[in-house]
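# Coordinates in review
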Amino acid sequence: MKRPAFRRKAAQLSAVAAVAALVLTGCSRASGDDPAPPAGSRARDLTYAEDLRISDAEQRLVARCMARHGFRYWTDRPLSLAESRPLGYVQDDVRWARTHGYGSRITAEEDRARLRNPNNAYRKGLTATRQAAYDTALDGGRQAEPLRTDVPGGGSVSKQTGGCDSEAERTLYGDPRTWFRLDTTASNLRPLYVGKLLHDRRFTAAVHAWSACMKRAGHPYPDPDAARQATREHPAVQTRAEEARSFAAETRIAVADATCAREVSLKSVGQAREAHYLAQLDGEYGARLDAYRQVRLKALARAERIVPART
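This text gives an overview of the structure that appears in the document. (Residues numbered from 1 in each chain as written. Predicted model: local features only at pLDDT ≥ 70, side-chain atom pairs only at ≥ 80, totals over all residues. Heavy atoms only, no water.)

Below, the discussion takes up the overall build of the protein chain. The number of helices and strands found in the protein chain is 14 helices and 2 strands. Among the 311 residues that make up the protein chain, the fraction classed as buried is 49%. Sequence-distant contacts, at least 24 apart, represent 75% of the contacts inside the protein chain between residues at least 6 apart. Entry remark: accessible area of the protein chain is about 15,900 Å², with carbon and sulfur atoms responsible for 51%. (Helix = DSSP H or I, 4+ residues; strand = E, 2+ residues; numbered from the N terminus. Buried < 20%, exposed > 50% of the residue type's maximum accessible area, 1.4 Å probe, protein only. Contact = heavy atoms within 4.5 Å. Areas by Shrake-Rupley, 256 points an atom, 1.4 Å probe, with all protein chains shown as cover.)

Another aspect to go through is helix α12 (residues 240–263). For α12, with 24 residues, the first-to-last C-alpha span of 34 Å sits near the 34 Å given by 1.5 Å per residue. All of the buried residues in α12 are S246, F247, E250, T251, I253, A254, V255, A256, D257, A258, C260 and A261. The inward-facing, buried residues of α12 contact α3 (94–100), α4 (104–115), α10 (201–216), α11 (224–230) and α13 (266–279). Where α12 ends, the next residue or the one after it, S265, has phi of about 55°, a positive value. (Expected span 1.5 Å × (residues − 1).)

On to the state of the cysteines, then. Enumeration according to the criterion identifies 2 disulfides in this entry. For C65, the disulfide goes to C164, at an S-S distance of 2.1 Å. Residues C65 and C164 are joined by a disulfide whose S-S torsion is about -75°; by sign, that bridge is left-handed. Here the residue C65 occupies a position in helix α2 (residues 48–68), and C164 occupies one in helix α7 (residues 163–173), the gap between them amounting to 99 residues. (Disulfide = S-S within 2.5 Å.)

To continue, consider the pairing of strand β1 (residues 145–150). Bridge count for β1 against strand β2 (residues 156–161) is 6 bridges, and the pairing is antiparallel. When the bridges of β2 are listed, L147 appears paired with K159. Connecting β1 to the next strand, β2, in antiparallel fashion are 5 residues, including G153 with a positive phi near 95°. (Pairing = 2+ DSSP bridges.)

Let us look at the nonpolar core. Counting 59 residues, the largest nonpolar core has I54, M66, Y134, L172, W210, M214 and L266 as the members making the most contacts within it. Contacts of M66, omitting those with residues within four sequence positions, involve F71, Y73, Y134, A137, L138 and C164. (Core = buried A, V, L, I, M, F, W, Y, C linked by side-chain atoms within 4.5 Å.)

A word on the packing of aromatic side chains. Applying the stated criterion to the full structure yields 6 aromatic pairs. On the basis of an interplanar angle of 85° and a centroid distance of 5.4 Å, the ring pair of F71 and Y134 is categorised as edge-to-face. With F71 in the loop between α2 and α3 and Y134 in helix α6 (residues 128–139), this residue pair connects regions lying 63 residues apart in the sequence. Of the two residues, F71 and Y134, both sit in the buried class. (Phe/Tyr/Trp six-rings, centres within 6.5 Å; stacked < 30°, edge-to-face > 60°.)

Looking at the secondary structure, you find C213 in helix α10. The exposure class assigned to C213 is buried, which follows from its relative accessible area of 6%. When the C-alpha atoms of C213 and V264 are compared, they prove to be 8.3 Å apart, with 51 residues separating the residues in sequence.

Their axes nearest at 1 Å, the elements α6 and α7 cross at an angle of 15°. One element, α6, and the other, α7, form an angle in the roughly parallel class. Where α6 abuts α7, its residues T136, A137, L138 and D139 lie against G163, C164 and D165. Looking at the contact of α6 with α7 residue by residue, the class counts come to 3 nonpolar, 2 polar and 2 charged. (Axes fitted to C-alpha atoms, helices over the stretch in contact; angles between N-to-C directions. Parallel < 35°, antiparallel > 145°, perpendicular 65-115°, else oblique. Nonpolar A, V, L, I, M, F, W, Y, C, P; charged D, E, K, R; others polar.)

On to helix α14 (residues 282–303). The set of residues buried in α14 consists of Y285, G286, L289, D290, Y292, R293, V295, R296, A299, L300 and A303. Residues of α14 that are buried sit in contact with α2, α7, α8 (176–187) and α13.

So, in structure tokens, the structure goes:
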């Protein structure tokens with residue numbers, strides 16, 4: 001029974017997967033300065049700060065519920081708002097890059113936090129009977145009812161639901177089956193159009209312009225993913241001095257990456273082209289996406305009464 005210390009989208013992906021994880025428009029976790037949703041959308045997307053507030057509220061609700069069942073539960077130690085910024089294929093925040101590079105130190109701290117997660121140690125210290133009771137209280141244990149729903153493009157997914165996890169979701173999102181169906185749809189639309197986006201002439205032209213800019217800056221990489229991957233070409237275990245040198249190199253490339261992305265408007269081009277392809281799915285999935293956004297806006301209003309915003 002292991003739970004992640006913090007769920008964060010990082011850009012440690014292949015080229016196709018990286019583009020699929022663009023933090024752009026549509027059903028993405030948009031940043032505070034992203035443009036408005038496409039015309040015709042009846043509900044807006046959340047900013048990543050608002051998304052984090054819902055996640056923090058969910059953790060707080062789980063902790064309260066576990067306490068009622070007689071168990072201790074430690075909420076995740078949150079990162080700062082700046083540290084929690086999701087990184088997509090395009091990262092054009094130069095100031096962020098100067099401080100965090102591509103976020104390798106943030107990721108390392110998250111990994112250490114997962115290893116130190118006090119909930120794991122607490123559960124291990126319980127008797128077998130109490131462990132079973134803990135699992136049942138947390139997520140319903142082995143008796144939890146599975147939810148199943150279809151995935152856009154074919155296939156289906158299921159998840160276990162029960163206990164305090166389910167109670168927290170119900171408090172924030174309402175009916176668990178409806179939320180699971182909406183969330184699954186919103187989270188799985190990109191594979192339906194990512195191939196088109198990868199070969200879109202406007203998008204590839206912007207990537208080529210970015211690459212030319214990077215070459216002039218002394219960093220000859222064909223695309224942002226290649227630049228990012230190059231910063232990870234070092235031993236997994238490093239001395240403090242080696243890590244400092246690696247991070248300095250990472251920061252130099254990340255700053256050039258963000259600078260060039262801004263210079264050629266790579267993010268705005270990607271956003272516009274993704275919105276174009278997402279709009280083509282509106283007839284089949286538009287109503288469900290709008291319902292997804294409406295549910296999340298209601299969840300945000302509830303979360304605002306539970307936890308403060310991150311700073």
